[in-house]
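Each chain is listed here by its residues.
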Amino acid sequence: NFGPNAVTFPHVDSGNKANGLCLIFCTGNFDATKGGHLVFQQLKIVVEFPPGCLALIPSATMMHGNTSIQPGEQRQSFTQYAAGGLFRWVQYGFQSWKELAKDEDRLAREMDRRDTRWAEAVGGFSTLSSLHDDRAPFLV
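Residues numbered from 1 in each chain as written. Predicted model: local features only at pLDDT ≥ 70, side-chain atom pairs only at ≥ 80, totals over all residues. Heavy atoms only, no water.

(A) Spotlight on the pattern of salt bridges. Summed over the entire model, instances satisfying the criterion amount to four salt bridges. Notably, a salt bridge pairs E110 with R117, separated by 2.9 Å at the nearest N-O pair. Judged by relative accessible area, which is 24%, R117 ranks as partly exposed. With a shortest N-O distance of 3.0 Å, E120 and R113 are connected by a salt bridge. Residue E120 is classed as partly exposed on the basis of its relative accessible area of 47%. Since its relative accessible area comes to 25%, R113 is described here as partly exposed. (Salt bridge = Lys/Arg side-chain N within 4 Å of Asp/Glu carboxyl O. Buried < 20%, exposed > 50% of the residue type's maximum accessible area, 1.4 Å probe, protein only.)

In structure tokens:
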């Protein structure tokens, strides 16, 4: 996404950790009131995203993209993410699913966890009603 006119179509990053956050940094020389906006289709919002800004989004589960900029302008973006496969590798005892599957007991335990892992992951996010209480310890 190093441009000179970095634009992404709406997408989800399905290889990223489902409950992880992706950092997006924007730079360039463009009028952020006219283009380069972040678009979150599921939320039905568009956010101005001027050069020098950072955003943290759950990119594996939230559709996102950005709008084009004006002719003659430049926009670059730099993203950092957490690959879901790395977390699974650790969860599986530093081995692939194929290797883990050779141990029937371990395979059975992981299959049981697969049914509840999504709830654990979603539980890490705040809801609108829990946001204040969840963040209170950090608001000193």
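(B) Summary view of the nonpolar core. Counting residues in each nonpolar core, the largest one holds 12 residues, listed as C22, I24, C26, F30, A32, L38, F40, F49, A55, I57, M62 and I69. With residues up to four places along the chain from it excluded, the contact list for F49 reads I24, C26, F30, A32, G36, H37, L38, L54, A55 and R75. (Core = buried A, V, L, I, M, F, W, Y, C linked by side-chain atoms within 4.5 Å. Contact = heavy atoms within 4.5 Å.)

(C) Main features of the sheet that holds strand β6 (residues 74-80). One open sheet accounts for three strands, arranged β4-β1-β6; its pairing is antiparallel. The strands lining the two open edges of the sheet, one partner per strand, are β4 (54-57) and β6. For this sheet, the mean angle separating the axes of adjacent strands, direction not counted, is 25°. In terms of strand pairing, strand β1 (residues 22-29) meets β6 through seven bridges, oriented antiparallel. Its bridge partner lying in β6, C26 is registered against S77. (Pairing = 2+ DSSP bridges. Helix = DSSP H or I, 4+ residues; strand = E, 2+ residues; numbered from the N terminus. Axes fitted to C-alpha atoms, helices over the stretch in contact; angles between N-to-C directions.)

(D) Spatial organisation of a nonpolar patch on the surface. A contiguous nonpolar patch, built from L21, L56 and F125 and spanning about 290 Å² of accessible area, is present on the exposed surface. Residue position: L56 is located in strand β4. (Patch = residues over 30% accessible without salt bridge, like charges linked within 9 Å, V, L, I, M, F, W, Y side chains within 5 Å. Areas by Shrake-Rupley, 256 points an atom, 1.4 Å probe, with all protein chains shown as cover.)

(E) Molecular detail of the packing of aromatic side chains. What the rule picks out here adds up to one aromatic pair. Sitting over the ring of F87, K17 keeps its end group 4.9 Å from the ring centre. (Phe/Tyr/Trp six-rings, centres within 6.5 Å; stacked < 30°, edge-to-face > 60°. Lys NZ or Arg CZ within 6 Å of the ring centre and 35° of its normal.)

(F) Molecular detail of the side chain of N16. Looking at the secondary structure, you find N16 in the segment before β1. For N16, a relative accessible area of 11% puts it in the buried group. Look past the residues within four positions of N16 in its chain and what remains in contact with it is S59, A60, Y81, A82, A83 and G84.

(G) Structural view of unusual backbone geometry. Phi at K44 is positive, roughly 60°, even though this residue is not glycine. Summarising the element assignment, K44 is placed in the loop between β2 (38-40) and β3 (45-47). We classify K44 as exposed; its relative accessible area is 76%. A positive phi angle is found at F94, which is not glycine, with a value near 60°. Secondary-structure assignment places F94 in the loop between α1 (84-91) and α2 (97-100). Given a relative accessible area of 57%, F94 falls into the exposed group.

(H) Region of interest: the confidence of the model for the chain. Per-residue confidence for the chain gives a mean pLDDT of 89, with 98% of residues at or over 70. Averaged pLDDT values for the elements of the chain fall to 84 in helix α3 (residues 104-123) and rise to 96 in β3. (pLDDT = per-residue confidence, 0-100.)

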